[in-house]
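Now for the letters of each chain:
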Amino acid sequence: MSTIKGAKWVINDLKKKGFEAYIVGGAVRDHILRIPLTDIDITTNAKPHEVSKIFRTKPTGLKYGTVTVFMNEETYEVTTFRVDGEYQDGRHPDNVTFAETAEEDVKRRDFTINGLLMNEKNEIIDYVGGKNDIHAKIIRTIGNPLDRFNEDALRIMRAFYFQSKLGFQIDAATRDAIYESRLRLKEVAMERILNEIIKMLQGTHVKRAIQSIVTTKVHEVLPGLEKGFLYTLKLDEMPYVDAFFALSFTLHGSVPTEWPFSNKHKHRYEVASMLAKKHQDFDPYTLYTYGIDLCLLANRVNFMLGKSKNLKTKIELDYENLPIQSDLDLKLRATEIMKLTNKKAGSWLKNLQTEMVIEVLNRRLKNEKSALEAYVLEHVKE
Ligand code: ATP
Ligand code: MG
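Since we're looking at a predicted model, the values are computed, not measured.

### Looking at helix α17 (residues 347–361)
Between its terminal C-alpha atoms α17 stretches 21 Å, which fits the 21 Å expected from 15 residues at 1.5 Å a residue. Residues of α17 that are buried in the fold lie against α14 (284–304), α16 (334–341) and α18 (369–379). Of the residues trailing α17, Arg363 is marked for its positive phi of about 60°.

Here's what the structure looks like:
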């Protein structure tokens, strides 16, 4: 968390030491738009080691000229004026080239709406035409769009993210350049692309962004998401992050290995998609085996695909009413079964427990110690 007021203290302290400093980028944009700020970036001609002498800091990205400044419990990213972009050809530059002026610094930034400066007196300094574009609600690259997308194709995905967040239009020349440069996305680290897609899916104007993704044919270069993006456009309600990926990978048939999902998420999308294909309805054993979250997600997918009703309430109720939710809930423990049968552990034990779980779930066997004991004695042969 950080505030404009705190950022001004940081700026004033830098100025007292003879440096220049401004709030820059997203914070200025969101301040003008009067929408909540996420983080505040400050740009300055002070070098990282000079910033560290003035404030309590953490070296966040020293190589790129960034230090985090702590000021009254809040943090500010303070970056030295630079000429090169965040990344070149989709890769980290080995080292950065510092710039002399704030003007050079803003001209390396992605979009005009992200290239504004604000000083400690709330005055906006605009070297890129960003003020007009904010008022006209336009996303436009700073400088020649083809050059800017060639430098870093991630900016393509960032354009969609900002469209989703702000509901702005993408300027025609910028949009044409996105179409022209779309194959360059293959050179960008998948992790960075995924990050922007996830941010995009959380915006208020997702549908507009997805419409642009499809118009510029960018959906065709995002592995496994092509059908998902096309299908989503037909829906009234836009799916949230998990539902979008589960829907896309169900339509695609698998989770492409290119995406750096955590194992947990990869598993989640694989199982939800398997369940969506196999089940319209979720019987007690499926609910018990896969848990409520995956069954709800699979039903969301089928609901979006028009293959099933929205069963959210029913699934929640059915899950709540399961006689047991885990084999630990069985009123007869494995050790007790072994004692009762006088047998050592083995695969028979796991199989027997599974049978009992199924019988209990289907309410053919009561989850009571005496009933379970009787079942064991009846079913285990010498
Ligand atoms: P938000 O934080 O609301 O998502 P933001 O504009 O602050 O939006 P960040 O990703 O935090 O976006 O980046 C901060 C600033 O750094 C941007 O406003 C932009 O000026 C610059 N920037 C970020 N990524 C790039 C890029 N790939 N190419 C050029 N400039 C960039
Ligand atoms: Mg930001």
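From this point, the narrative continues.
### Brief notes about the domain arrangement of the protein
Its domain assignment divides the protein into domain 1 (1–130), domain 2 (137–222), domain 3 (236–322) and domain 4 (328–379). Here domain 1 packs against domain 2, burying approximately 1600 Å² in sum over the two surfaces, 57% of which is carbon and sulfur. For the pair domain 1 and domain 2, the number of links is two salt bridges. Note that Arg158 and Asp110 form a salt bridge whose closest N and O atoms lie 2.7 Å from each other.

### Examining the side chain of Arg109
Take Arg109: it is sitting in the loop between α4 (102–107) and β6 (116–118). Here Asp105 takes part through its side chain, which lies 3.0 Å from a polar atom of the side chain of Arg109. Contact partners of Arg109, with chain neighbours within four places excluded, come to Val24, Thr43, Asn114, Gly115, Ile142 and Arg148.

### A short note on the pairing of strand β1 (residues 21–24)
Of the two faces of β1, the one lined by Ala21 and Ile23 and the one lined by Tyr22 and Val24 are each fully buried. Relative to strand β2 (residues 41–44), β1 runs antiparallel, the two sharing four bridges. Following the sheet pairing, Tyr22 is matched in β2 by Thr43. Across two bridges, the pairing between β1 and β6 is antiparallel.

### Comments concerning the site of ligand 1
The environment of ligand 1 is made up of 17 residues, and the closest members are Arg29, Arg155, Arg158, Tyr161 and Lys165. Note that a nitrogen atom of ligand 1 is positioned 3.1 Å from one of the backbone N or O atoms of Asp110. Between Tyr161 and ligand 1, the recorded distance is 2.6 Å, taken from a side-chain N or O atom to an oxygen atom. Starting from 580 Å² of accessible surface for ligand 1 in isolation, the protein chains cover 88%. Among the secondary structure elements, those contributing two or more residues to the shell around ligand 1 are α2 (26–32) and α7 (154–166). At five residues, the largest contribution of residues to the shell around ligand 1 is made by α7. Mapped onto the domain boundaries, the shell around ligand 1 takes at least three residues apiece from domain 1 (1–130) and domain 2 (137–222).

### Focus on the pattern of salt bridges
What the rule picks out here adds up to 24 salt bridges. A salt bridge links Arg268 to Asp242, with the nearest nitrogen and oxygen atoms 2.6 Å apart. With Arg268 in helix α13 (residues 263–278) and Asp242 in helix α12 (residues 241–252), the pair connects residues that are 26 residues apart, well separated along the chain. Residues participating in the shared-partner salt-bridge network are Asp110, Arg158, Glu196 and Lys199.

Conventions used here
- Residues numbered from 1 in each chain as written.
- Chains lettered and ligands numbered in written order.
- Predicted model: local features only at pLDDT ≥ 70, side-chain atom pairs only at ≥ 80, totals over all residues.
- Heavy atoms only, no water.
- Helix = DSSP H or I, 4+ residues; strand = E, 2+ residues; numbered from the N terminus.
- Expected span 1.5 Å × (residues − 1).
- Contact = heavy atoms within 4.5 Å.
- Domains from an automatic or database assignment.
- Buried area = accessible area lost by both parts, 1.4 Å probe.
- Salt bridge = Lys/Arg side-chain N within 4 Å of Asp/Glu carboxyl O.
- Polar contact = N/O pair within 3.5 Å; in protein donor to acceptor, adjacent residues only side chain to side chain.
- Buried < 20%, exposed > 50% of the residue type's maximum accessible area, 1.4 Å probe, protein only.
- Pairing = 2+ DSSP bridges.
- Near = heavy atom within 4 Å.
- Areas by Shrake-Rupley, 256 points an atom, 1.4 Å probe, with all protein chains shown as cover.

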